[in-house]
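An overview of the molecular structure
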Amino acid sequence: MVSLREVSVWLRLFSAMAFMLCSACAEHARPARSSPAANTARLAQLPTAATVTPTPQVDTAPPLDDSGESDTDAEDADTADLPATPDARIVPHPLDGWSEERVDRAVSSDLASLGPMSVGTPNAGALVNGVQAVASALYTLVSPGDAWGTQETLDYLNSAVQAVQDEFPNTPPLALGDIGARHGGPLRPHISHQAGRDLDLSFYYRDGTRWYARGTRQNLDFPRLWALVRALIAKTDVDLILLDRGLQQPLHEYALSIGEDPGWLEQVFIGKGAMRAIIHHAPGHDTHLHIRFFNPIAQETARRCYAALARHGQVKAPEQYVLHKAKKNETLAMIAKKYGTSVRAIREANALRRNLIREQAVYRVPVSGGARMLHLERARIPARRPPPPRHPPSALNEQLSAREQK
Ligand SMILES: [Zn+2]
C-alpha cells in the first residue's frame, strides 16, 4: 500500500515540475513496443470509425526538451475541438459521393491514389502518403528525414515564404526544421508534429539565416517576419502560430507602425469574441516559429478512410494498453511518468476513484502512439481572415494618439 502522504508529495512534486520536464519525457511518450503479432491481433479488433471511442486525453505536463519544443497542452490542443467559428466552412472534397465500399477498395488496392492523409490529431496522429519537403530558394532543410508532411502543408508554407520573397527580393532562404516523420506519429522531442500539419521554421534575422538562435528585438528582421505572418494568415488555412510572448509584442508594434488595422491585429494576436487568436505564446518559442495548418483535403481524406486504414493495418489502434503490476512504494504519478501518460488517464482506464493503488495489483496503463480520430463529422475549416487595407500613416497616427489619450 502506498501512503497518502507519499502520494501527495509526489503530486506536488509533479505539478512543480510542470514546466521543467526533461527530454526523457518525450521519449517516454513514445509507444511501448509490442510484437508484430500482437499488433496485428489488436488491429483486427479495431472498431470502425463510427464506433471509435476517443483515447483519454493525456494531460501530462509539457516537456521542456532540448530542442526548446514545448507546446503546452492548451496550445497543443487539437484546435478543431474548439467550437467552430460562425463562418466555418465545409470545403468540397474529392471523395464526396464515394461509397464506403469504394473507399475500402481504394485503401486496400491503390492507397497512393488517395493522396496525403492527416490522420488523427497533431498530438496523436499519423501521416499516410506523406510528401517530403525539398530544399529550395525558399528554405534549406535542417533534418530532411523528418520533413514529411501533407501536400497542403507544403503548398501553404511555400506560398507564404514566396510572398516574403516577392515583397523583399534577394531574401536568403529560411531554415525549415521538423515537419514530421515519414509516417507521422511520435517524433522526438516533440509532442505534436504527428499528423503532417505542424512545422518549425526559423525566424528572419537581420544578419542572415540562422537556426535556433534566440530572437530579440535587436536581431530579428521584423519587416520580413511580419510579411511571413501576414501571408500565412491571408493566403493559407493557418491554424495557429506559436511565438514567445516577448517577441509578439515587438511584432505587433511593428504591424501597427506600418498601418495594419488595429482591430484585425487584435483578432490575430489576442482573439476577439468568437474569433480566437492565431498567434499563441508557448515556452521555448523564442528560437523559431511553430506553424500548424488546417488541411481541408488531407484531414477529410483521413476521416473518410480511417476505418478502412485501420481494417487494412495502415494506422495503429487509437487505444493501446500495457499491464503494469504496482511495485512497493510506487505511485500513480510514477507509473504515469514511466509510460508517458497521465494519472488521470490511468485512473479512467481502471475506474479508480482515488489516486491510491495497491502493491502487486495489476493496472491497465494507456500508452500513446496510435492515431486518435476525434472527429466523426467532417472538420469545419475556419474562414480565412484576410487583413483589411492598411491605414495611411496619418490615420494611423491619429489612432495611436487617440489610444494614448484613452
Ligand atoms: Zn514545433
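These remarks concern the structure in this document. (Residues numbered from 1 in each chain as written. Predicted model: local features only at pLDDT ≥ 70, side-chain atom pairs only at ≥ 80, totals over all residues.)

Every second residue of strand E7 (residues 198–201) is oriented toward a common face, with Asp198 and Asp200 on one face and Leu199 and Leu201 on the other, all of them buried. Relative to strand E10 (residues 289–293), E7 runs antiparallel, the two sharing four bridges. Bridge pairing in E10 places Asp198 opposite Arg292. (Buried ≥ 20, exposed ≤ 12 C-beta atoms within 10 Å, placed from the backbone. Helix = DSSP H or I, 4+ residues; strand = E, 2+ residues; numbered from the N terminus. Pairing = 2+ DSSP bridges.)

Further remarks concern helix H11 (residues 332–339). Owing to its 3.6 residues per turn, the α-helix brings residues three or four apart onto one side. Turning to H11, its buried residues are Leu332, Ala333, Ala336, Lys337 and Tyr339. Positive backbone phi, at 65°, marks Gly340, one or two positions downstream of H11.

With that settled, the discussion passes to helix H12 (residues 343–350). Buried within H12 are the following residues: Val343, Ala345 and Ile346. Taken down its axis, H12 places every buried residue within 165° of arc, on the same side. Buried residues belonging to H12 abut H11 and strand E12 (362–367). Looking one or two residues beyond H12, the residue adopting positive phi is Ala351, at roughly 50°. (Arc of directions from axis to C-beta. Contact = placed C-beta atoms within 7 Å.)

The next point concerns the packing of helix H5 (residues 100–109) against helix H10 (residues 296–311). At a closest axis distance of 9 Å, the pairing of H5 and H10 adopts a crossing angle of 60°. Relative to H10, the element H5 lies oblique. In this structure, H5 crosses over H10, and the sense of that crossing is right-handed. Judged by residue contacts, Val103, Asp104 and Val107 of H5 engage Arg304, Cys305, Ala308 and Leu309 from H10. Partitioning the contact of H5 with H10 into residue classes produces five nonpolar, no polar and two charged. (Axes fitted to C-alpha atoms, helices over the stretch in contact; angles between N-to-C directions. Parallel < 35°, antiparallel > 145°, perpendicular 65-115°, else oblique. Left-handed = near helix turned anticlockwise from the far one by under 90°. Nonpolar A, V, L, I, M, F, W, Y, C, P; charged D, E, K, R; others polar.)

All right, on to unusual backbone geometry then. The residue after Arg188, namely Pro189, is reached through a cis peptide bond having omega -5°. Within the element layout of this structure, Pro189 appears in the loop between strand E6 (174–176) and E7. With phi around 65°, Asn329 is a residue other than glycine that occupies positive phi space. Here Asn329 shows up in the loop between strand E11 (320–325) and H11.

Turning to the pairing of E10, a few remarks are in order. Counting buried residues in E10 gives five out of five residues, a clear majority hidden from the surface. On E10, burial covers both faces: Leu289, Ile291 and Phe293 on one face and His290 and Arg292 on the other are all buried. One ladder, built from four bridges, connects strand E8 (residues 238–242) with E10; its direction is antiparallel. Across the sheet, the residue bridging to Ile241 is Ile291, located in E10.

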